[in-house]
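# Descriptive structure summary
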Amino acid sequence: MGRSYHLIASAGQDEHGQLKVHRLNRTPDGLAPVGQGQSNESALASADQPAGVWRVSWNATGTVLGSSGPEGVVRLWKSTFKGEWREIKAVSSESVEPAAP
């Protein structure tokens, strides 16, 4: 059956460097934002992304979100049981060892 909702990630390259996750619920007529009075988006904040977010990508099951930007850091995000998104890992391009030939 799967989840009763869909998650969509969006990225921005403005001065805020916003990364957001939008939630759409399934209805008999298709998809709709969550109920009235409830937020349908969560802003994911990171002080190290002042220049924006260039790319976002979900893992195969849609439970972990990856983001990257011009600072050369890949960040992994996961939702808590309360639906709050938290950064679980940040990997810098400078911290990765080159592959052996």
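Structural notes, computed from the coordinates. Because the structure is a prediction, the values reported are computed rather than measured.

## What to know about a nonpolar patch on the surface
Together, Val-74, Leu-76, Ile-88 and Val-91 make up a nonpolar patch on the protein surface, roughly 290 Å² of accessible area in all. Mapped by element, the contributors of at least two residues to the nonpolar patch are β7 (73–79) and β8 (85–92). Here Leu-76 shows up in strand β7.

## Here we look at the packing of aromatic side chains
Going through the model one piece at a time under the given rule, you end up with one aromatic pair. Geometrically, the ring pair formed by Trp-58 and Trp-85 is edge-to-face, given 5.6 Å between the ring centres and 65° between the ring planes. In this pair, Trp-58 is assigned in strand β5 (residues 55–58) and Trp-85 in strand β8, connecting sequence segments 27 residues apart.

## Some details on the sheet that holds strand β6 (residues 64–68)
The pairing of strands in a sheet comes from backbone hydrogen bonds and takes either a parallel or an antiparallel form. With antiparallel pairing, four strands are arranged side by side in an open sheet as β5-β6-β7-β8. Both outer strands of the open sheet, β5 and β8, are each paired with one neighbouring strand and no more. Across the sheet, the mean angle separating the axes of adjacent strands is 20° when strand polarity is ignored.

## Looking at the pattern of salt bridges
Tallying each qualifying case throughout the model produces three salt bridges. Among the salt bridges present, the one from Glu-71 reaches Arg-75, with a minimum N-O distance of 3.8 Å. A salt bridge links Glu-87 to Arg-75, with the nearest nitrogen and oxygen atoms 3.5 Å apart. A residue pair is termed long-range when its members are at least 10 positions apart, and Glu-87 in strand β8 and Arg-75 in strand β7 qualify at twelve residues. Glu-87 sits in the partly exposed class, given a relative accessible area of 35%. Taking the relative accessible area as the measure of exposure, Arg-75 reaches 2% and is therefore buried.

The rules behind each value
- Residues numbered from 1 in each chain as written.
- Predicted model: local features only at pLDDT ≥ 70, side-chain atom pairs only at ≥ 80, totals over all residues.
- Heavy atoms only, no water.
- Patch = residues over 30% accessible without salt bridge, like charges linked within 9 Å, V, L, I, M, F, W, Y side chains within 5 Å.
- Areas by Shrake-Rupley, 256 points an atom, 1.4 Å probe, with all protein chains shown as cover.
- Salt bridge = Lys/Arg side-chain N within 4 Å of Asp/Glu carboxyl O.
- Helix = DSSP H or I, 4+ residues; strand = E, 2+ residues; numbered from the N terminus.
- Phe/Tyr/Trp six-rings, centres within 6.5 Å; stacked < 30°, edge-to-face > 60°.
- Pairing = 2+ DSSP bridges.
- Axes fitted to C-alpha atoms, helices over the stretch in contact; angles between N-to-C directions.
- Buried < 20%, exposed > 50% of the residue type's maximum accessible area, 1.4 Å probe, protein only.

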